Every structure is written in C-alpha cells, then in structure tokens.
Amino acid sequence: MTAPPDPVAAADAVVAAVDPALTSPGVRSSDAVLVTGPWLAGVSSLIAVLRARLPEVPFVEADELPAGTAPLAVVFAVSAVSPLTESDCELLDLAADQTDCVIGVLTKVDAHDDWREVLATDRDLCGVHRARYARLPWVGVAAAPESGEPAVDELVGLLRGVLDDPDVLRRNRLRAWESRLEKVIARYRADGDGADRQARVSALRTQREEIRRGRRLEKSQRAIALRSQIQQARVQLAYFARNRCASVRGELQEDIATLGRRGFAAFEDGARRRAAEVMAEVDEGVATHLTAVAADLRLDPAPAPPHPSPVPELPAPPLRSRRLETRLMMLLGAGFGLGVALAVSRLFTGVDPGLTVVGVLAGAAAGLAVTVWVVGIRGLLHDRGVLDRWVADVTAALRSAAEEAVATRVLAAEAALSGSLAAEEAVEADTAAGQIAEIDAELREHAAATARAAALRDRRLPGLLRALDAVRAELRGASDAEFTAASEPNSGGTVGY
Ligand SMILES: Nc1nc2c(ncn2[C@@H]2O[C@H](COP(=O)(O)OP(=O)(O)OP(=O)(O)O)[C@@H](O)[C@H]2O)c(=O)[nH]1
Ligand SMILES: [Mg+2]
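Worth saying up front: this structure is predicted, and the values here are computed from it rather than measured.

Using the criterion set out here, one finds 32 salt bridges in the structure. Salt-bridge contacts for glutamate 428 lead to arginine 215; the nearest nitrogen and oxygen are separated by 3.4 Å. Note that glutamate 428 is positioned in helix H10 (residues 356-485) and arginine 215 in helix H7 (residues 195-257), a separation of 213 residues in sequence. The class for arginine 215 is buried, based on a relative accessible area of 15%. Of the charged contacts in the structure, one is a salt bridge between arginine 274 and glutamate 277, with a shortest N-O distance of 2.5 Å. In this pair, arginine 274 and glutamate 277 both sit in helix H8 (residues 264-296), three residues apart, roughly one turn of the helix.

Here it is, written out as structure tokens:
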C-alpha cells in the first residue's frame, strides 16, 4: 500500500467525505513512544534500555505525555509473573485510545520459565477484551535480568519497523477519529436518552411526592390533634366545674352545722360570693386550658370572651314562709311546756303542800322556758334544714351554669381554633403548591431539554455513524492487508505493522 503524501490529511479525508463539518478528532499527534503498564510491570527498566538502544526515539512514561497528545506508538508492558487482569486491560484501553499502533510486551521473561504460556494467555485475554487487540504483536523482554544482558532485541526490531512504517500515522489518526466519534455518538445517545438528567428527574419526582405526602399527613394529623384536644378539654373542664361546685357545696353544708340564726344573712351573702368565685375560677381554668391547647397546636389562642360567664340568679333561702309549721310547733312546744310545768308544780306540792303556789309559779316558769327553748331549737333546726336544701339547689344551679359556661367557651374555642387551623393550612397549601409548581417547571424543562437532545441526536447520529463506519472500514481494510503480509516473529508474537 502506497502511503499518501500527508497521512493525517488522508485519514481526515475519510471522515470529511461523509461529513465535511468533522474537521479534527481533537488530539495533537506527537512522535513520542509511550511505554506504560501496570504497577511494577518493569516499565522504568524497559524505558531505560530502550532509550539506550534507540536514542533517536523519544520514549515517555504516561505522566510525561502532555494532555491531549496522542503518542506515535504505545508499548504496553506487563509482567510475566501472572496473566493480565481486567484492570490491566482497561489501562491498555486508556493508553491506546488515540493510537492504533500498540505493541504488547511481556517483561521479566528471564525470571519466569512459563512466560510463553503467559504471553499466549495475555494475547487471548486482550483479544477477548477488544477485537482490535486480537492482532496485537506480543514480544517477551528481559530489560533488567538478574543475570546477563538485557534481552530486548526483538522489541527493538519491532519498534524500528513501526517507526519506519509510513502508514502508522494514518492509522493512528483513523484510530483517534474512531475514538472521538465513539465518544461523540455516546454523548448524543446519553443526552437524547436524558441519562444525565435521569437522577435529577427522579430526585425531583420523589421530592414532589414527599411534599404531597407531607401535606396530607400534616393536615390530617393536625385535624385529629385539634379534635382530640378539644374533646379532652371538654371532659376535663366539665369535670373541673363539677368538682368545684361539689367542694363549695361540701364547705357550705359544713358551715350550716355550726350556724346560728344571726349568721343566716352572712351565710347567704357568703354563699353568693362563693358562687361568683366558682364561676370566675371556672372561667380562668377554661382560659388557661384553652391557651395551652392553642400553644400545643401551634395556633393563635382563641380570643377571650367579651364578658365573664354570668353567675346564675340565686333565689333567697325560703326561711320565712312557714307559718303553719310554726303554729304547730308552738302548739307542741306549749304542750311540752305545760307538761313540764305540771311536773314541776307536782314536785313542789309533793315536797311540801305549803309550797303549792311556789310550785305553780316555778312550774309555769320552767314550762315557759322549755316551751321557748323547744320552739327555738326546732325553728333553728328547721331553718338549717331549709338552708341545707337551699345550698343543694344553689350548687345544682351553679353546676349547670358552670357546665354551660364550659360547653359554650369550648365550643367557641373549637370554632376559633378550627378557623385558624384552616387559615394556616391554606397558607401551607399555597407554599406547597408553589414548591410543586417549581418542581413541575424544572421537570418540564428537563423533558424539553431531553426532547431537544433527542431531536439533535436523531439529526446528527446517522452522519456520525456513517463516518464511524467509514473509519472502521478503513482501519479494517488496512489491517487485513497488512495481516496477510505479516510474518510470525520468533517469540511467538504476531506482527501487525
Ligand atoms: N528479573 C527481572 N526483574 C526485572 C526486570 N525488569 C524489571 N525488574 C524488576 O521489577 C521491579 C520493578 O521494576 P521497575 O522498572 O521499577 O518497574 P516499574 O513498572 O517502573 O515500577 P513502578 O514505576 O513502581 O510501577 C524492580 O525490582 C526491577 O528490578 C527483568 O527484566 N527481569
Ligand atoms: Mg517506574
């Protein structure tokens, strides 16, 4: 095959024939020979020997090659100690990405008698890893043998052949094109499929679902909390009101037991004052409890009622309307007094008949005193009984008034808190809707960008694929031609150049 005057331009022409817009594979060709390999493969030893044997050739290790530069040839060195691993093959991919001309070198063959088997295995493994490596030439070397001179003659011969081959530059350029086109095609495909956006899109979807779920959950949780707290307040405050009334009733009834007639008016006033106090206490208890409920629900407290709960109208104790009973009592007291008077006068008469007059007088006085006393005591006991019933009636009225006050205020608070809750929920729903709208907008943006990328991919891909096919066909054609002309080297390697 006759090499064209400018091999690089010839390779570029293959691509430009398909798509004139494709002008360069984006790498700079250099005349350096890259010697690379896995850790401790013997690269440094090999490069030292090669520099000595071929001083005119610029050999470089991987870290000496400037970025964006394609070497003229790649010497891939692996140790004969064991066959290649997958990561070694990936290293080879990296090194040979822009360069077609690759030589496989098995190092330290002096130290490993089975190196020929290892070499055959390495060649097969490379061929399996990538079809283009199936025809890689392999040679065994001993760059720093434990004894004797370095054995690198075969490699040096191979390298000389490669460097003299006029077609190497063109093939390298074609390989750079292949690599470049593969990358561009993969990029278009990934963009068109939205691969890079996929993670963000699914994160956005999850976020949107989270917001919706959070809203639903919070809404129902707060509604349930409000209902249960109000229910609790109703029960506890009614119990508190009943309790207060019962204890006031107990206190008042206790007071009645020691009450004299003169204390009746003060007792009535005291009872009315206690009733007012109980209503005030209930009011205060309700206010405190409802404020705590509002704080617990993170809501504004329900507004205080405009005026305190009214103290119920309490009738005066019915102490005066007992005329009939009084008369009866007078009658019975008088009878009782008469009895006492007779008994006393008899007693005097019995002691001394001369004392009859005295006895009658004394009996009359005693009878009168007993009558007055009995009537008085009976009246007092009766009035205490009346007061006792009055206290029971008054506290019953107080209790129902207090319970009504509790029920009314809790109901009002429930309405107010439900209102605030609804208002807050409306605000939160708006915030969530805003967040969801933002997420939806970004999702639409991603969908539109992916659609644009897919359209671009569909437009650009056919041309790029045709260019890639043309490059591969060119590489295959050249390689087939050279393969038929190649000879088997002594070391068992297949020379492809
Ligand atoms: N027997 C024998 N040992 C060798 C040969 N070449 C290199 N070695 C030994 O292998 C070890 C690694 O050699 P290097 O040339 O430093 O290998 P390298 O790949 O540059 O190593 P790193 O840069 O550290 O990854 C050293 O101990 C060398 O003496 C050889 O041909 N035969
Ligand atoms: Mg080294």
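Once the structure has been displayed, the description carries forward.
Our next topic: the domain arrangement of the chain. What the domain assignment reports for the chain is domain 1 (7-193) and domain 2 (203-453). For domain 1 and domain 2, the distance between their C-alpha centroids amounts to 99 Å.

In this section: the pairing of strand E6 (residues 102-107). Judged by how many residues are buried, E6 sits mostly within the fold: six of six residues are covered. Burial along E6 is two-sided: the residues Val102, Gly104 and Leu106 and Ile103, Val105 and Thr107 are all buried. The sheet contact formed by strand E5 (residues 73-79) and E6 spans six bridges and is parallel. Bridged to valine 75 within E6 is isoleucine 103. At this point the chain moves from E5, through helix H3 (residues 86-95), to the parallel E6, and the crossover so formed is right-handed. By the bridge criterion, three bridges tie E6 to strand E7 (residues 138-140) in an arrangement that is parallel. Across the sheet, leucine 106 pairs through a bridge with glycine 140, a residue of E7. Of the crossover connections in this fold, the one passing from E6 over helix H4 (residues 115-129) to the parallel E7 is right-handed.

Let's shift gears to the sheet that holds strand E3 (residues 59-60). Taking strand neighbours across the sheet as the criterion, the five strands line up as E3-E2-E5-E6-E7 in an open arrangement whose pairing is parallel. At either end of the open sheet lies a strand with only one pairing partner, and these are E3 and E7. Across the sheet, H3 touches strand E2 (33-36), E5 and E6, and the angle it forms with E5 is around 165°.

As a further point, take unusual backbone geometry. A positive phi angle, near 60°, is found at lysine 108, a position not held by glycine. Its place among the elements puts lysine 108 in the loop between E6 and H4. Phi is positive for arginine 298, which is not a glycine, with a value near 55°. You can see arginine 298 is positioned in the loop between H8 and helix H9 (323-351). By relative accessible area, arginine 298 is classed as exposed at 55%.

Attention now goes to the pairing of E5. For E5, the buried fraction is high: seven of the seven residues fall into the buried class. Side-chain alternation along E5 places Ala73, Val75, Ala77 and Ser79 on one buried face and Val74, Phe76 and Val78 on a second face that is also buried. Pairing of E2 with E5, which is carried by four bridges, proceeds in the parallel orientation. Across the sheet, residue leucine 34 finds its bridge partner in E5, namely valine 74.

Turning to the nonpolar core, a few remarks are in order. Judged by nonpolar contacts, the single largest core of 40 residues is most densely connected at Phe267, Val282, Leu387, Trp390, Val406 and Leu417. For this core, the elements supplying multiple residues, two or more each, are H7, H8 and H10. By residue number, the principal contributor to this core is H10, which donates 15 residues. Ignoring anything within four residues of it in the chain, the contact list for phenylalanine 267 reads Leu252, Asp255, Ile256, Leu259, Leu387, Trp390 and Val391. If you look at the next biggest cluster of nonpolar residues, it comprises 28 residues, including Ile47, Phe59, Val156 and Val162.

Before going further, it helps to examine H4. Because an α-helix packs 3.6 residues into every turn, residues spaced three or four apart end up facing the same way. The terminal C-alpha atoms of H4, which comprises 15 residues, lie 21 Å apart, in line with the 21 Å expected from a rise of 1.5 Å per residue. What H4 keeps buried is the set Trp115, Val118, Leu119, Asp122, Arg123 and Cys126. For H4, the angular spread of buried residues about the axis comes to 135°, placing them on one side. With respect to the buried face of H4, the exposed residues turned more than 90 degrees away are Arg116, Glu117 and Val128. Elements that come into contact with the buried residues of H4 comprise E5, H3, E6 and E7.

The rules behind the values
- Here, residues in each chain are numbered from 1, in the same order as that chain's written sequence.
- Chains and ligands are labelled sequentially in the order written, the chains with letters from A and the ligands with numbers from 1.
- In keeping with the model being predicted, local features are shown solely for residues with a pLDDT of at least 70 and side-chain atom pairs are shown and tallied solely at 80 or more, while totals for entire chains, interfaces and linings include all residues.
- Only hydrogens and water are set aside; all other atoms, that is, all heavy atoms of the structure, feed into the side-chain values.
- For this document, the term salt bridge refers to a Lys or Arg side-chain nitrogen within 4 Å of an Asp or Glu carboxyl oxygen.
- Secondary structure is summarised from DSSP: a helix means a run of H or I of at least four residues, a strand means a run of E of at least two, and numbering begins at the N terminus for each.
- When accessible area is computed with a 1.4 Å probe and restricted to protein chains, residues below 20% of their type maximum are described as buried, those above 50% as exposed, and intermediate ones as partly exposed.
- What marks off one domain from the next here is an automatic or database domain assignment.
- Pairing between two strands requires that DSSP report at least two bridges joining them.
- With the strands pointing away from the viewer, any crossover whose connection runs clockwise from the first strand over the helix to the second is right-handed.
- Throughout, a contact is declared for two residues whenever any of their heavy atoms are within 4.5 Å.
- All axes here are fitted lines through C-alpha atoms, helices being fitted over the stretch that makes contact, and every angle between N-to-C directions spans 0 to 180 degrees.
- The definition of a nonpolar core used throughout is a set of buried Ala, Val, Leu, Ile, Met, Phe, Trp, Tyr and Cys residues joined through side-chain atoms within 4.5 Å.
- A helix is expected to span 1.5 Å multiplied by its residue count minus one.
- Here the arc refers to the set of directions running from the helix axis out to each C-beta atom.

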